[in-house]
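Residues per chain are reported as follows:
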There are 2 protein chains.
Amino acid sequence: MASRPLILVSNDDGVHAPGVRALQRALRSFADVVVVAPKYEQSAQSHAISLHRPLRHDVLGDDVHAVDGTPVDCVYVALYRDDLLPRRPDLCASGINHGPNLGSDVVYSGTVAAAREAALRGIPSIAFSQLGRQTTRALEGSAEIAARLCRRLLEAERPEGQVPLLNVNFPEGSAKGIRPTRLGLRHYAEGVEVRSDPRGRDYYWIGGPGGVRHEPLEGSDTDAVDAGFVSVTPLRIERTFPDHFGIAAFVAAGEDP
Amino acid sequence: MASRPLILVSNDDGVHAPGVRALQRALRSFADVVVVAPKYEQSAQSHAISLHRPLRHDVLGDDVHAVDGTPVDCVYVALYRDDLLPRRPDLCASGINHGPNLGSDVVYSGTVAAAREAALRGIPSIAFSQLGRQTTRALEGSAEIAARLCRRLLEAERPEGQVPLLNVNFPEGSAKGIRPTRLGLRHYAEGVEVRSDPRGRDYYWIGGPGGVRHEPLEGSDTDAVDAGFVSVTPLRIERTFPDHFGIAAFVAAGEDP
């Protein structure tokens, strides 16, 4: 690693979001930082990648770039265009997201996807999300903790060939501490709301009335943030599920094609 | 289960793609089938969900619906709008995708995401993808096998509370058999191609020159399709990685906030 590590920063709220700027400022205390973030908000874009349309890239300032695509597009372009980063980054940090990414949120989140994309390409990565109101004070406090967590991740020993992907959530208010956690169970109010447009034609909004419920689960990220702690959850990217080999074998054994 | 099972069918190539229609026809031999698929092509949309814009829904015919959103939107709307499905589906089948979804493709695929969304909501699910040319003959052959695999999955015993998510790929040409597999290693030519538009401004295409390389891996989906077999891989949706709890604990233990 160079004397100062290089950190690639992205997010899904867009390059102008206060969370990504707070993260950039805090990381600059010990690292070289390049921001490559979506030009427009990309919440809930998950791991979408733009293979079927071209992308535009704008240089917004010193080490701040906007790409008019998804969070995954931003990380891909940063890593494979040779004029954005001075060298291969030592770490990728994504966020700080406006709103939580707890439990199964990680499947839908663009913030987590940016970190996942870098991890898939061999770069230790960490996604940050902030619960509650994103006041300047809350963001600055979270960004300082985020910077310390990034420094620790750079120092962490890791098994040969393994690339950590961490998912961090900051609680509302001042954090009481930091806890290693696992993904919790977060239940949304499901439903589709039907509305009628001014021309009398129906349209749908995804999501039911009412809020989100956390199922108590010891050691979970949901429990941690509800108790006022920062959660740090190690993720494993979707892969083969050996427990279901029996089911796959049963399904495959039906008949010869 | 009713005398005839109910199968929800979706895809990412769009409601008019030949793959989804072939799958629908084949499944009708033993099941009630409702297609809810994207109005427009949604390849590589991964698990994106439209929380920040409204959706339109068109009825295209008996039990064929188009939603102008992502594959995940389609499955969500099918499950939570009460006028699309006559009852809760017994199975969700996605595809047959135009092109493979092998190895890490599953992270980016909209076809797999539709199946994953149904699995997250408790419905056994299976994603189908076709290598090679999608001739009517190839698709009809694959759709017949797909229908048999769906029937087997409906019959499979499964551990209490566990929901199988299977990823199936059909090889080029006639299949020699069906194999239970694990995700293989698929390497793309990485890069960003820069072009200049008629106004002289640069734009980017994601993906480098040259093709895809499969790393040989015993028991993998890539090995299976390369040898002319149908692959059936059980997937585990991204979750906590207990092997990295040590790293998370090290990162969390840095300092008190």
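About the cut-offs
Per-chain numbering applies: the sequence of each chain, read as written, is numbered from 1 onward. As a convention, the first chain written is A and the first ligand written is 1, with the rest following in written order. Restriction of local features to residues with pLDDT of at least 70 applies here, the model being predicted, together with a cutoff of 80 or more for giving and counting side-chain atom pairs; totals for whole chains, interfaces and linings are based on all residues. By this definition, two strands are paired if DSSP reports at least two bridges between them. A run of DSSP states H or I qualifies as a helix once it reaches four residues; a run of E qualifies as a strand once it reaches two. Both are numbered from the N-terminal end. Here the copies were fitted onto each other by least squares, based on C-alpha atoms from residues at pLDDT of at least 70 in both. Note on contacts: residues are paired as contacts if their backbone-placed C-beta atoms lie within 7 Å. Between the N-to-C directions of two axes lies an angle of 0 to 180 degrees, each axis being a line fitted to C-alpha atoms and, for a helix, fitted only over the stretch in contact. Just so you know how the angles are binned, under 35 degrees is roughly parallel, over 145 roughly antiparallel, 65 to 115 roughly perpendicular, and the rest oblique. Two helices cross in a left-handed way if the nearer one is turned anticlockwise from the farther one by less than a right angle. They cross in a right-handed way if the turn is clockwise. Side-chain classes are defined by residue name, with Ala, Val, Leu, Ile, Met, Phe, Trp, Tyr, Cys and Pro counting as nonpolar, Asp, Glu, Lys and Arg as charged, and the others, Gly among them, as polar. With C-beta atoms placed from the backbone, the exposure class of a residue follows from how many other C-beta atoms lie within 10 Å of its own: 20 or more, buried; 12 or fewer, exposed; in between, partly exposed.

A. Highlighting the pairing of strand S10 (residues 192-196) of chain B. Residue and element names in this part refer to chain B. Two strands pair when backbone bridges link them, and S10 and strand S11 (residues 202-206) are joined in this way by five bridges, in the antiparallel orientation. Of the residues in S11, the one forming a bridge with valine 194 is tyrosine 204. Between the end of S10 and the start of S11, which pair antiparallel, lie five residues, with glycine 200 showing a positive phi angle near 85°.

B. Representation of the relation of the copies chain B and chain A within the structure. Superposing chain B onto chain A takes a rotation of 180° combined with a translation of 0.0 Å along the rotation axis, leaving an RMSD of 0.0 Å. These values place the two chain copies in the arrangement generated by a two-fold rotation axis. The C-alpha atom lying nearest the rotation axis in chain B is that of glutamate 238 of chain B; the distance is 2.1 Å. The share of interface residues of chain B whose copies in chain A are also at the interface is 100%, consistent with both copies meeting through the same surface.

C. Here's a closer look at the packing of helix H2 (residues 71-80) of chain A against helix H4 (residues 110-120) of chain A. Residue and element names in this part refer to chain A. Viewed as axis vectors pointing N to C, H2 and H4 meet at an angle of 30°, and their least axial separation amounts to 8 Å. The pairing of H2 with H4 is recorded here as roughly parallel in orientation. For the element pair H2 and H4, the recorded crossing hand is right-handed. For the pair formed by H2 and H4, the contact residues are Pro71, Val72, Cys74, Val75 and Tyr76 on the first element and Gly110, Thr111, Ala113, Ala114, Glu117 and Ala118 on the second. Across the contact of H2 with H4, the residue classes break down as eight nonpolar, two polar and one charged.

D. Summary view of the environment of isoleucine 123 of chain A. Residues and elements named next belong to chain A. Within the fold, isoleucine 123 resides in the loop between H4 and strand S6 (125-130). Looking at isoleucine 123, the number of C-beta atoms within 10 Å reads 21, which means it is buried. In the structure, isoleucine 123 is positioned 105 residues away from proline 18 in sequence and 25 Å away in space, judged by C-alpha atoms. Excluding its chain neighbours within four sequence positions, the residues that come into contact with isoleucine 123 are Pro89, Leu91, Cys92, Ala118 and Val163.

E. Seen up close, unusual backbone geometry. Residues and elements named next belong to chain A. In this chain, glycine 95 is followed by isoleucine 96 through a cis amide linkage whose omega measures 0°. Mapped onto the fold, isoleucine 96 is located in strand S5 (residues 91-98). Not every positive phi belongs to a glycine, and aspartate 63 is a case in point at roughly 60°. Along the chain, aspartate 63 turns up in the loop between strand S3 (57-61) and strand S4 (64-67).

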